[in-house]
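Residues per chain are reported as follows:
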Amino acid sequence: MRFAILDRFKVLPQYLLPKQALTVLAGRIAGARAGTRTTRLIRWFAGKYGVDMSEAGNADIASYQTFNEFFTRSLRAGARPIAEADFVSPVDGTISQFGGIDDHHMVQAKGHRFTTTELVGGDAELAAQFRHGSFANLYLSPRDYHRLHMPCEGRLTRMIHVPGALFSVNPVTARGVPRLFARNERVVCVFDSPAHGPFVMVLVGATIVGSMATVWHGVVNPKRSGKLAEWTYPDRDIVLAQGDEMGRFLLGSTIVMLFGCGAIEFNRDWKPEGPVRLGERMGDAPA
């Protein structure tokens, strides 16, 4: 109880900060081609957060023209082998929470829950497909690789941009801000798997996250009008294999996944706050 109160006090300044203005400013800085100033910024960032450039497809910091190019850098070939499993981790990051969906409620952090309907932008029919299903919340820290990949094969059916706030999504904020992942701006990607049924990948925005992008759309950044934006793909057969890149964060955040009832049994080695790497076994379909 004491720690929960402390966490809420720690996040109080975020309610007062001009989060959208800060995000716009950060996006401009991250996209600027500023020569040696950009290189100094990248070197400072890599040193502060302990970024392992030996894993990057391009390890030469001075060659990146913008901070965004560095932040969304590729990995060198073979750096993340894909496990022989039905579902693999789609990112490098930290497990926030995972487990079963209680009717339509899921856990954000101890003492905080939100609903699948809230998460997907109010679409109760879509959310109903995951009633009594499973979820996983994975947090990407500043040091992590920030491209997102497919946990299993899937065919894209819809994409929804849900407007919202821009709170930080770090662990302290997740413990201190109720319904955080259902409040922040997010992009809901709806897939259908021939082997495992429907699943959803939700890219959650945050303070200074300039934007989110997908491989089929590019940057998903509609004007912030406060209204939902939705895309469907009846004339496009967008199928991504397990391990394929599906998107990226321009400055990091969280991904939330939803799976149908009985679709996945999670890796027994998984635990909240434990590290995960792209391609590691996330779980398998029940035998």
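Parameters at a glance
Residues numbered from 1 in each chain as written. Predicted model: local features only at pLDDT ≥ 70, side-chain atom pairs only at ≥ 80, totals over all residues. Heavy atoms only, no water. Helix = DSSP H or I, 4+ residues; strand = E, 2+ residues; numbered from the N terminus. Buried < 20%, exposed > 50% of the residue type's maximum accessible area, 1.4 Å probe, protein only. Contact = heavy atoms within 4.5 Å. Areas by Shrake-Rupley, 256 points an atom, 1.4 Å probe, with all protein chains shown as cover. Pairing = 2+ DSSP bridges. Salt bridge = Lys/Arg side-chain N within 4 Å of Asp/Glu carboxyl O. Core = buried A, V, L, I, M, F, W, Y, C linked by side-chain atoms within 4.5 Å. pLDDT = per-residue confidence, 0-100. Expected span 1.5 Å × (residues − 1). Arc of directions from axis to C-beta.

Visitor: Tell me about the overall build of the protein, and name the residues and values.
Guide: What the protein contains, in helices and strands, is 8 helices and 18 strands. For the protein, buried positions account for 51% of its 287 residues. Pairs at least 24 apart in sequence give 76% of the contacts found in the protein among residues at least 6 apart. Surface exposure of the protein reaches about 13,400 Å², of which carbon and sulfur atoms provide 53%.

Visitor: Lay out the sheet that holds strand β18 (residues 281-284) with the relevant residues and their values.
Guide: Read across the open sheet, the 3 strands follow the order β1-β18-β16; overall the sheet is antiparallel. Strands with a single pairing partner mark the edges of an open sheet, and in this sheet they are β1 (87-88) and β16 (265-266). For β16 and β18, the ladder comprises 2 bridges, and the chain directions are antiparallel. Each bridged residue has a counterpart across the sheet, and for Phe 266 the counterpart in β18 is Gly 283.

Visitor: Hey, could you go over unusual backbone geometry for me, with residue numbers and the actual values?
Guide: Phi is positive for Asp 103, close to 60°, though the residue is something other than glycine. Position of Asp 103 relative to the elements: it lies in the loop between β2 (93-100) and β3 (105-109). Positive phi outside glycine occurs at His 132, with the angle close to 60°. Checked against the element boundaries, His 132 lands in the loop between α6 (124-128) and β5 (134-139). For His 132, a relative accessible area of 43% gives the class partly exposed.

Visitor: If you had to explain the pattern of salt bridges to someone new, which residues and values would you point to?
Guide: Using the criterion set out here, one finds 10 salt bridges in the structure. Measuring nitrogen to oxygen at the nearest pair gives 2.4 Å for the salt bridge that ties Arg 277 to Glu 55. Taken as a pair, Arg 277 in the loop between β17 (275-276) and β18 and Glu 55 in the loop between α3 (36-49) and α4 (67-71) lie far apart in primary sequence, 222 residues in all. What makes Glu 55 buried here is its relative accessible area of 17%. Between Asp 92 and Arg 80 there is a salt bridge, with the nearest N and O atoms lying 2.6 Å from each other. Note that Asp 92 is positioned in the loop between β1 and β2 and Arg 80 in the loop between α4 and β1, a separation of 12 residues in sequence. Each member of the pair Asp 92 and Arg 80 is classed as buried. Linked by salt bridges that have partners in common, Glu 55, Arg 80, Asp 92 and Arg 277 make up one network.

Visitor: Which residues make up the nonpolar core, and what values go with them?
Guide: In terms of nonpolar packing, the biggest core is built from 34 residues, with Cys 189, Phe 191, Trp 216 and Met 246 touching the most fellow members. Mapped by element, the contributors of at least two residues to this core are β5, β7 (154-162), β8 (186-193), β9 (197-204), β14 (245-250) and β15 (254-259). With residues up to four places along the chain from it excluded, the contact list for Trp 216 reads Leu 156, Met 159, Cys 189, Phe 191, Tyr 233, Arg 236, Ile 238, Leu 240 and Met 246. Phe 114, Leu 126, Val 162 and Val 202 belong to the second largest nonpolar core, which has 18 residues in total.

Visitor: Give a description of the pairing of strand β10 (residues 211-214) that names residues and reports values.
Guide: Burial along β10 is two-sided: Ser 211 and Ala 213 facing one way and Met 212 and Thr 214 facing the other are all buried. By the bridge criterion, 4 bridges tie β10 to β14 in an arrangement that is antiparallel. Across the sheet, Ala 213 pairs through a bridge with Arg 248, a residue of β14. Relative to strand β11 (residues 218-220), β10 is paired through 3 bridges, and the arrangement is antiparallel. Opposite Thr 214, over in β11, you have Gly 218 as the bridge partner.

Visitor: Got a sec to walk through the confidence of the model for the protein? Specific residues and values, please.
Guide: Across the protein, the average pLDDT comes to 85, with 79% of residues at 70 or higher. Every residue in residues 1-5 scores below 50 in pLDDT, and together they form 0 contacts with partners more than four places removed in sequence or on other chains.

Visitor: Now, about α3: what can you tell me, with residues and values included?
Guide: The terminal C-alpha atoms of α3 lie 20 Å apart, and with 14 residues this matches the ideal 20 Å at 1.5 Å per residue to within 8%. Residues Thr 38, Thr 39, Ile 42, Phe 45 and Ala 46 constitute the buried set of α3. Considered in projection along α3, the buried side chains sweep an arc of 130° and stay on one side of the axis. For α3, the exposed residues set more than 90 degrees away from the buried face come down to Thr 36, Arg 37, Arg 40, Gly 47 and Lys 48. Along its buried surface, α3 packs onto α4. Looking at the residues trailing α3, positive phi occurs at Gly 50, about 70°.

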